[in-house]
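Fold and contact review
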Amino acid sequence: MANMKSLAKDTAIYGLSSIVGRFLNYMLVPLYTHYMPKDSGDYGISTNVYAYTALILVLLTFGLETTLFRYANDERTKPDTVFSTTMAVVGSLTVLFLLLVFGFITPISGTLGYTEHPEFLQMMAVVVALDALQAIPFSYLRFQKRAIRFASLKLLFIALNITLNVFYFVVLGKTTVFYVFFINLICTAFITLFFLPDLLRIQWCFDGQLLRHMLSYSWPILILGIAGILNQVADKIIFPLVYPDQADANVQLGIYGSCVKIAMIMAMITQAFRYAYEPIVFAKSKDSDKTEYYASAMKFFLIFTLLAFLCVVGWMPLLQYIIGADYREGLGVVPIVMAAEIMMGVYFNLSFWYKLIDKTIYGAWFSLAGCAVLLAVNILFIPKYGYWACAWGGVAGYGTAMVLSYIVGQRKNPIPYPMKDISLYVVLTFVLYGFMKTASDWSALVSLAFNTLLIILFVAVIIKRDLPLGSLPVIGKYFKK
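First, a word on scope: everything that follows refers to the structure included in this document. (Residues numbered from 1 in each chain as written. Predicted model: local features only at pLDDT ≥ 70, side-chain atom pairs only at ≥ 80, totals over all residues. Heavy atoms only, no water.)

1. Description of helix α20 (residues 419-439)
Its 21 residues place the ends of α20 30 Å apart at the C-alpha level, agreeing with the 30 Å of an ideal helix rising 1.5 Å per residue. Taken as a whole, α20 has its buried residues at Asp421, Ile422, Tyr425, Leu428, Thr429, Leu432, Met436 and Ala439. An end-on view of α20 places all buried positions within 130 degrees of arc, on one side of the element. Among the exposed residues of α20, those oriented more than 90 degrees off its buried face are Lys420, Val427 and Phe430. (Helix = DSSP H or I, 4+ residues; strand = E, 2+ residues; numbered from the N terminus. Expected span 1.5 Å × (residues − 1). Buried < 20%, exposed > 50% of the residue type's maximum accessible area, 1.4 Å probe, protein only. Arc of directions from axis to C-beta.)

Written out as C-alpha cells, the structure reads:
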C-alpha cells in the first residue's frame, strides 16, 4: 500500500508537470496554425524535423535511462558511479553526432530535402544533443525521487518556450518555422545550465567493467527504443517520401501533425505514469507481492487512459478550437491515434516482465515486429489514403507489440492481470464511444451535454467498482460510514 501511495503521489507530480506543460504547449498549436498558413507547409516541416530529432534522441541516449535505474538500485554499485559512467557514454555519443552533422551538413540536408535550409538541421542537431545530455540527469532526479525539481525544470522550459514564441510570433511578427527551431535552441540551452550545480556535486568515477555490464543490458533496450520511437514518428518521416504529390506533402503532414496534438493526452498520461512507475518497479522487484502490484497498476492505468479517451472524444466540439480552422479537416484521426497510444501504454506496462529478469532482448523483438507492421502499413497505404494510413498504422504496430508481449510474458513470467475487469472497461468504453459518435451530428452544445453525462456514467462505474470514495485520501473520511 505504501508503494501504491508513493506511485500515486509521484504520478500526480509528474502528471501535473506533464499535463500542465502539454496543455500550455497546446497554446502554441493555435498560435502556429494561425500564423503559419496551412498552404505554406511550415507546420509540416516542423512535424517532419521533430520526428527526426525524436529518433536521434533515442540513439544518443542508447537505452541508458532505464539502465541507470537497473544498476543504481543494485547494492553492488554506487549510484554516482552509475550516473557518471552513463554520462561519459552519452557525452561521447553527442560530441560524435555533432561532428558528423556539422561536417557533412550539405549531403545530409540534400538527402532530407532541406538543401535550401541546412540551418534547420544544424539548430535541431544542437537541441537534440543537449536533450540527450539532459536526459541522464533527469533520470537521476527520478531515481532520487526528486519529483518536484524534475517537474519544476520541465515547466520552466515550457514557460520560457511559450513566452518567446508569443514574443516572436505575435509581437515581432516572425512567423516562419525558422523561429520555432531557434526558440527551442535557446530554451534547451537555458535549462541545461540548471544541471551544473548537480553535476558539480557528483562524485565522478568511470567504471569500465560496470560499463560493459550496462551496455549488455542496454543495447536490447536501444533496439526496443528505436522500434518504439519509429512507431511514434515513422509516419511523419515516411510521409513526405512516399506521398505522391510532393508539393502537397508538407501541407497534408501539417494537417495530420496538428490534429495528432489533440490526441497526445494519451502520451502525457503514459509518460507521467512511466516517470513514477519505472523507479518503483525496480525497487519493488524483490518484494513478495510484486506481481499483484503490477497487475493492479496495469488495471488502473488502463481505466484512467480509457477515461481520458472518452473525455477527449466527448469534448471534441470544444477541443477542436485548439487548432486553426484550416487544419480541422483531419480531426477524424484523433480517436484512432488515441487508441494507438493506449496500446502503447499497455505495452509499456507489459514490458517490465522481461526488464526485471534481464531479458530485454524480448522487448527488442516485440518492438521490431510492431515497427515492421507499422512501416508496411505506412509505405503501402499512404500513397492512397494519406494521413489516415498513418493513424491506422499506429494501431497495427502498437497492437502487434502489445499482443506479442502479453502472450510471451504470460508464459515466461506470468502476472495475474485482472482480465475480466479490464475487458469490462474496454467494452463499456466502446459502447459509450458509439453513443458519442451518434451525438456528433447534433448541435455542439447538446452534444457536449450528452457526452458529459456519458463520461459521468463511466466515472460512476469506476467509483462503484474500483475506487470507492471512502478510500480516497483527505476527502475519504467524509464518505466513510
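2. Thoughts on the side chain of serine 109
Counting through the fold element by element, serine 109 comes out in helix α6 (residues 105-112). When neighbours within four sequence positions are excluded, serine 109 is seen to be in contact with Tyr114, Thr115, Pro118 and Leu121. (Contact = heavy atoms within 4.5 Å.)

3. Digging into the packing of aromatic side chains
Geometry of an aromatic ring pair is reported as the spacing of the ring centres plus the angle between the planes. Within this structure, the stated rule accounts for 23 aromatic pairs. Plain terms: the ring middles of phenylalanine 178 and tyrosine 179 are 5.0 Å apart, the flat faces sit at 85 degrees to each other, and that makes the pair edge-to-face. A residue is classified by how much of its surface remains accessible, and tyrosine 179, at 19% relative accessible area, is buried. A connected cluster of aromatic rings, assembled from ring pairs, spans Phe167, Tyr168, Phe178, Tyr179 and Phe182. Between the NZ or CZ atom of lysine 299 and the centre of the ring of phenylalanine 300, over which it lies, the distance is 5.3 Å. (Phe/Tyr/Trp six-rings, centres within 6.5 Å; stacked < 30°, edge-to-face > 60°. Lys NZ or Arg CZ within 6 Å of the ring centre and 35° of its normal.)

4. Some details on the layout of surface pockets
Reported here for the second largest pocket is a volume of approximately 670 Å³. Along the walls of the second largest pocket sit 25 residues, with Ile342, Met343, Met402, Val426 and Phe430 positioned nearest its centre. At the level of elements, α14 (290-314), α16 (334-350), α19 (387-412) and α20 are the ones that each hand at least two residues to the lining of the second largest pocket. Residue composition of the lining of the second largest pocket, grouped by class: 23 nonpolar, two polar and no charged. (1 Å grid on protein atoms, 1.4 Å probe; cavity = no way out; pocket = protein on both sides within 12 Å on 5 of 7 lines; lining within 4 Å. Points joined across faces, edges and corners; volume = space filled by probe spheres on them. Nonpolar A, V, L, I, M, F, W, Y, C, P; charged D, E, K, R; others polar.)

5. Some details on helix α9 (residues 177-192)
For an α-helix, 3.6 residues make a turn, and residues three or four places apart therefore share a direction. For α9, with 16 residues, the first-to-last C-alpha span of 23 Å sits near the 22 Å given by 1.5 Å per residue. Along α9, the positions that sit buried rather than exposed are Val177, Tyr179, Val180, Phe181, Ile183, Asn184, Cys187, Thr188 and Ile191. For α9, the elements touching its buried residues are α2 (28-35), α3 (42-61), α7 (118-143) and α8 (147-171).

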